[in-house]
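Commentary on secondary and tertiary structure
What follows is each chain in one-letter form.
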Amino acid sequence: MSKRRRFTDDFKAKIALEALRGDQTLSQIAARHKLHPNQISQWKLQALEGLSGVFSSGKRGAQPSDMDAKIKDLHAKIGELTVERDFLLKEASHSLAA
């Protein structure tokens, strides 16, 4: 029994873009990438449906200040977890020694 194949979003976007260009048929693209033509059609449809969202919001992802705040929060959490780990290691070594 074969495992289910998983594809990255970048790969799906690349294949959908090839299909949207129309330089090759879906069958040709499918054969080259070892995919089923129906899968390519589905990714192409998803790309077309999501395309309007790219232009409607006016944003190109998270704002730099949002990213800076998230990074600062994550660094604080890393610091907390490091202190906890060090404390627990110290306590564990004391309890083993006793």
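Summary of the structure given here. Along every chain, residues carry numbers that run from 1 in the direction the sequence is written. Under the rules for a predicted model, residues below a pLDDT of 70 receive no local features and side-chain atom pairs below 80 are neither given nor counted, while totals for whole chains, interfaces and linings still include all residues. In computing side-chain values, all of the structure's heavy atoms are included and hydrogens and water are not.

**Remarks on the overall build of the protein chain**
So the rule is basically this: Runs of H or I in DSSP of at least four residues are treated as helices and runs of E of at least two as strands, each being numbered from the N terminus. Only the C-alpha atoms count toward the radius of gyration. The rule for a globule is 2.2 Å times the residue count to the power 0.38. Partly exposed describes any residue whose relative accessible area lies between the buried limit of under 20% and the exposed limit of over 50%, with all areas from a 1.4 Å probe on protein chains only and scaled to the type maximum. Using the Shrake-Rupley algorithm and a 1.4 Å probe, accessible areas are obtained, with residue cover drawn only from the displayed protein chains. Positive charges come from Lys and Arg alone, negative charges from Asp and Glu alone, with His and the N- and C-terminal ends not counted. Working definition for charges: the position is that of NZ of Lys, CZ of Arg, CG of Asp or CD of Glu.
When you go through the protein chain residue by residue, the secondary structure sums to four helices and zero strands. Across the protein chain, helices and strands are ordered from the amino to the carboxyl terminus as α-α-α-α. Here the C-alpha radius of gyration of the protein chain, 24 Å, is well above what a compact globule of 98 residues would show, namely 13 Å. If one aligns the C-alpha atoms of the protein chain with their principal axes, the spans along those axes are about 75 × 45 × 15 Å. Among the 98 residues that make up the protein chain, the fraction classed as buried is 10%. Accessible surface, the protein chain as shown: approximately 8600 Å² in total, 57% of it carbon and sulfur. The average position of the 17 basic charges and that of the 12 acidic charges among the side chains of the protein chain differ by 10 Å.

**What to know about a nonpolar patch on the surface**
Inclusion rule: Here the term patch refers to residues with relative accessible area over 30% and no salt bridge, with like charges joined within 9 Å and nonpolar side chains (Val, Leu, Ile, Met, Phe, Trp, Tyr) within 5 Å. Salt bridges are defined by distance alone: a side-chain nitrogen of Lys or Arg within 4 Å of a carboxyl oxygen of Asp or Glu.
On the surface, Leu-17, Leu-20, Leu-48, Leu-51, Val-54 and Phe-55 cluster together into a nonpolar patch covering about 580 Å² of accessible area. At four residues, helix H3 (residues 37–56) tops the list of elements feeding residues into the nonpolar patch. Within the fold, Leu-17 resides in helix H1 (residues 9–21). Leu-17 gets classed as partly exposed once you look at its relative accessible area, which sits at 41%.

**What to know about the pattern of salt bridges**
Considering all chains together, one arrives at two salt bridges under this definition. A salt bridge links Glu-18 to Arg-32; the shortest N-O distance between them is 2.2 Å. Of this pair, Glu-18 sits in helix H1 while Arg-32 sits in helix H2 (residues 26–33), and the two are 14 residues apart along the sequence.

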